[in-house]
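Take a look at the letters that make up each chain.
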Amino acid sequence: MADQYQYNTNEEKIVKDSHTKEIDLINRDPKQINEDVVKVEFEDVIAEPDGTHSLDGVWKLSYTTFTVSKYWCYRILSAIFGIPVALLWGFLFACISFCHIWAVVPCIKSCLIESQCVSRIYSLCIQTFCDPFFEALGKIFSSVRVALRKEV
């Protein structure tokens, strides 16, 4: 919460809205999450081995067609579906956050509290019943000596 507040020179508290942060329109993948997934170029999809080449004009036109169609198809699809899909992903991550904050973490904390109680009872049982038994066995077998002899 402390990072949501700024102070100007008059020490007046200014509330920063975390929903309207500035976005970088140049570097749109600053964490490189799609670095190796969607970088598909013409050479990655279509390649002609030596001895099997089409006409140079066909090759150049194929390259241009592939590149331009990929570029504009992505732009058109993102213009049509980008906002609805962003809305769906925002809703999904909001639901996941809600479940995590209001159900998962409290459930885990409750289980940890209960398991501490059970672990104390278990520890007392072990100390009461098993520790004396194993100490007695240790005293019994502490006087056992093993000697190895090699006979020829």
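Residues numbered from 1 in each chain as written. Predicted model: local features only at pLDDT ≥ 70, side-chain atom pairs only at ≥ 80, totals over all residues. Heavy atoms only, no water.

A. Highlighting the overall build of the protein. A tally of regular secondary structure across the protein gives 2 helices and 2 strands. Put simply, of all contacts in the protein between residues at least 6 apart along the chain, 17% involve residues at least 24 apart. Here the protein displays about 14,800 Å² of accessible surface, and carbon together with sulfur accounts for 65% of that area. (Helix = DSSP H or I, 4+ residues; strand = E, 2+ residues; numbered from the N terminus. Contact = heavy atoms within 4.5 Å. Areas by Shrake-Rupley, 256 points an atom, 1.4 Å probe, with all protein chains shown as cover.)

B. Main features of unusual backbone geometry. With a phi close to 50°, glutamine 32 is a non-glycine residue in the positive phi region. Residue classification places glutamine 32 among the partly exposed positions, given a relative accessible area of 46%. (Buried < 20%, exposed > 50% of the residue type's maximum accessible area, 1.4 Å probe, protein only.)

C. Highlighting the UniProt feature "transmembrane region" (unreviewed entry) in the protein. The UniProt record marks residues 76-103 with the feature "transmembrane region" (unreviewed entry), using the residue numbering of this structure. Between the end C-alpha atoms of residues 76-103 there is a gap of 40 Å, over a span that is 100% helix and 0% strand. (UniProt positions renumbered as here; feature names shortened; annotations may be inferred.)

D. Structural context of helix α2 (residues 56-141). Taking 1.5 Å of rise per residue, the 86 residues of α2 would be expected to cover 128 Å, yet its terminal C-alpha atoms sit only 89 Å apart, more than 12% below that figure. The largest bend in α2 amounts to roughly 50° and is located at phenylalanine 81, with the proline proline 84 lying one to four residues further along. (Expected span 1.5 Å × (residues − 1). Bend = angle between axes of the 7 residues up to and from the residue.)

E. Inspection of the packing of aromatic side chains at higher detail. Evaluated as defined, the whole model comprises 7 aromatic pairs. Summarising the aromatic geometry, the rings of tyrosine 71 and tryptophan 72 are spaced 5.4 Å apart at their centres and angled 90° between planes, so their arrangement reads as edge-to-face. For tryptophan 72, a relative accessible area of 45% translates into the label partly exposed. The interplanar angle of 35° and the centroid separation of 6.4 Å between the aromatic rings of phenylalanine 98 and tryptophan 102 together place this pair among those described as tilted. Placement of the pair is phenylalanine 98 and tryptophan 102 together in helix α2, with a separation of 4 residues, close to one helical turn. Here the two residues phenylalanine 98 and tryptophan 102 agree in accessibility, since each one is exposed. (Phe/Tyr/Trp six-rings, centres within 6.5 Å; stacked < 30°, edge-to-face > 60°.)

F. Representation of the confidence of the model for the protein within the structure. This prediction gives the protein a mean pLDDT of 86; 87% of its residues lie at or above 70. Looking across the protein, the model is least confident in strand β1 (residues 5-7), with a mean pLDDT of 55, and most confident in α2, with 94. (pLDDT = per-residue confidence, 0-100.)

G. Spotlight on a nonpolar patch on the surface. A surface patch of nonpolar side chains, about 1,200 Å² in accessible area, is lined by Val68, Tyr71, Trp72, Ile76, Leu77, Ile80, Phe81, Val85, Trp89, Leu92, Phe93 and Ile96. Considering the arrangement of structural elements, one finds tryptophan 72 in helix α2. (Patch = residues over 30% accessible without salt bridge, like charges linked within 9 Å, V, L, I, M, F, W, Y side chains within 5 Å. Salt bridge = Lys/Arg side-chain N within 4 Å of Asp/Glu carboxyl O.)

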